[in-house]
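Chain by chain, the residues run as shown.
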Amino acid sequence: MKILLLGSGGREHALAWKISQSSQLEKLYVAPGNAGTAELAENISLDLNDFKAVGDFTIQQDIDLVVVGPEQPLVDGIHDYFQSQPTLSNVTVIGPTKEGAQIEGSKDFAKSFMKRHRIPTAKSASFRTDQLVDALTFLENQKAPYVLKADGLAAGKGVIIESDLAKAKKALTNMLNGQFGEASGTVVIEEFLTGIELSVFIITDGKNYKILPEAKDYKRIGEQDTGLNTGGMGAISPVPFANREFMDKVENQIIIPTVKGLKKDGIIYSGFIFFGLIAVKGDPYVIEYNCRLGDPETEVVLPRLKSDILELFDGIATDTLSERDVEIDLRTASTVMMVAGGYPEKYEKGKEISIENTDEKTTVFHAGTIIKNNKVVSNGGRVIAITSYGKNLETALKTSYKNVEKVTFDGAYYRKDIGKDVL
Ligand code: AMP
Ligand code: GLY
């Protein structure tokens, strides 16, 4: 198989790492990729928002399958573009159509979908810009803390949780008045749920599905989950409290109704679904859907997938996903994200990165790196993810932290408490 993988983060390096282990792989291109993917594949400079350029490259190189890492091209309809072009419609796209991607691209869509298919989630109501007065009245009648969500993609900044009613009203007003542009033209006001979060992933062709290892990520910049939100500072898999009984509830109450719901609604879906869940007194609720894998969750999920990922992709291509096996490594995987000093606020790029020999149980995934003048330099806020295996969480974390010391760049920062809350 000739594969084109789109994206440039740690998730894409982990995908490239997993894809390159397949005996079915003929050639792997990553666009635009990073310094890590360059070691495994051929990086191609393509603008992911330019579907024609991606399509032309696909035709020129006779690509069989395109794997879309990030959400934006999916929400913008890259799958639909491929379907609409006679010369591309036979190429398999791993990633849903524009309509399917709405499960992430519109919180309002996701909420209606969950209500329609009786999928457990926080109670909510949605308001448009022209309903500001009604929205404020509704908010006054809710209990604190107040959860406000911009409907559209807002680079991870679109969720505001506020305990003070006056501040929440101000935030709601700002949002509906365009704080996040079109993304907050509609705002979802949601009941606050108290519990512990985790992420569950499936691969699906819109009819059948396979469950991948679950993960827990650490979103805040500061230890003990304090400070600003980031893309994710680390992750672990498996999640200790996600026992058999809990995962059965996730499958029966959330995964099955979601896949059935997509089918019933006539939504064409191929690719991954990321269920952002919260366990409330042992019961799972959906906090959010994503139409892709997570980052840095992928850096622990794929290392625990023993099966050939191209077998699963081929299952989607040939409508035989139900016949494919998913075998899971019973070891624990942990990843610790090394970020640029200042991130998630202002930070510098272009710092030279030195990577010494790491343990055999460790894989260094590049999240934001580039090759410049034959040197690996930082090229983003999240720079390097150090993934390690262990027979349990404690040993996996110990190995990740030991190997963090082997990667150096000016201003590097990482959280020292990944996984500690569940140890
Ligand atoms: P989201 O982008 O929808 O995943 O929200 C970002 C984060 O806000 C989540 O990971 C949760 O920590 C928190 N959050 C979102 N919705 C709720 C809710 N209804 N109750 C409690 N926390 C929430
Ligand atoms: N780590 C969270 C995400 O990928 O959305």
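Let me sum up the structure you'll find in this document. (Residues numbered from 1 in each chain as written. Chains lettered and ligands numbered in written order. Predicted model: local features only at pLDDT ≥ 70, side-chain atom pairs only at ≥ 80, totals over all residues. Heavy atoms only, no water.)

Another point: the site of ligand 2. Lining the immediate surroundings of ligand 2 are Asp-217, Gly-231, Phe-274, Asn-290, Arg-292, Gly-294, Asp-295, Pro-296 and Glu-297. In the environment of ligand 2, an oxygen atom lies 2.9 Å from a nitrogen or oxygen atom belonging to the side chain of Arg-292. A distance of 2.9 Å separates a nitrogen atom of ligand 2 from a polar atom in the side chain of Glu-297. For ligand 2, the accessible surface in isolation is 200 Å², of which the surrounding protein chains cover 86%. Considering only residue class, the shell around ligand 2 consists of two nonpolar, three polar and four charged. (Near = heavy atom within 4 Å. Polar contact = N/O pair within 3.5 Å; in protein donor to acceptor, adjacent residues only side chain to side chain. Areas by Shrake-Rupley, 256 points an atom, 1.4 Å probe, with all protein chains shown as cover. Nonpolar A, V, L, I, M, F, W, Y, C, P; charged D, E, K, R; others polar.)

The next thing to look at is the packing of aromatic side chains. Given two aromatic rings, one states the distance between the centres and the angle between the planes to describe the pair. The final tally for this structure, using the stated rule, is 12 aromatic pairs. An aromatic cluster is built from Phe-51, Tyr-81 and Phe-82, whose rings are joined through pairwise contacts. Across the ring face of Tyr-218, the terminal group of Lys-216 is positioned such that the distance to the ring centre comes to 4.5 Å. In this structure, Arg-331 is placed above the aromatic ring of Tyr-389, and the distance from its NZ or CZ to the ring centre is 3.8 Å. (Phe/Tyr/Trp six-rings, centres within 6.5 Å; stacked < 30°, edge-to-face > 60°. Lys NZ or Arg CZ within 6 Å of the ring centre and 35° of its normal.)

Spatially, β11-β10-β16-β17 is the arrangement adopted by the four strands of the open sheet, whose pairing is antiparallel. The outermost strands of the open sheet, each flanked by one partner alone, are β11 (209–211) and β17 (283–290). Sheet twist, expressed as the average angle between the axes of neighbouring strands with direction ignored, equals 35 degrees. (Pairing = 2+ DSSP bridges. Helix = DSSP H or I, 4+ residues; strand = E, 2+ residues; numbered from the N terminus. Axes fitted to C-alpha atoms, helices over the stretch in contact; angles between N-to-C directions.)

Moving on: the sheet that holds strand β2 (residues 27–32). What the five strands build is an open sheet, ordered β3-β2-β1-β4-β5; its pairing is parallel. The open sheet has two free edges, formed respectively by β3 (42–43) and β5 (92–94), since each of these has just one partner strand. Pairing of β2 with β3 involves two bridges; the strand directions are parallel. Looking at β3, one finds that Tyr-29 is bridged to Glu-42. Packing of helix α1 (residues 10–19) onto the sheet brings it into contact with β1 (2–7), β2 and β4 (65–68), and relative to β1 it is tilted by some 165 degrees. Packed onto the sheet, helix α2 (residues 51–60) meets β1, β2 and β4 and runs at close to 160 degrees relative to β1. (Contact = heavy atoms within 4.5 Å.)

Summed over all chains, the structure comprises 27 salt bridges. Of the charged contacts, one joins Asp-56 and Lys-52 as a salt bridge, the two residues approaching to 2.7 Å between their closest N and O atoms. Separated by four residues within a single helix, Asp-56 and Lys-52 lie in helix α2, roughly one turn from each other. Accessibility expressed as a relative area gives 28% for Asp-56, which makes it partly exposed. Where Glu-348 meets Lys-351, a salt bridge forms, and the shortest distance between an N and an O atom there is 2.8 Å. (Salt bridge = Lys/Arg side-chain N within 4 Å of Asp/Glu carboxyl O. Buried < 20%, exposed > 50% of the residue type's maximum accessible area, 1.4 Å probe, protein only.)

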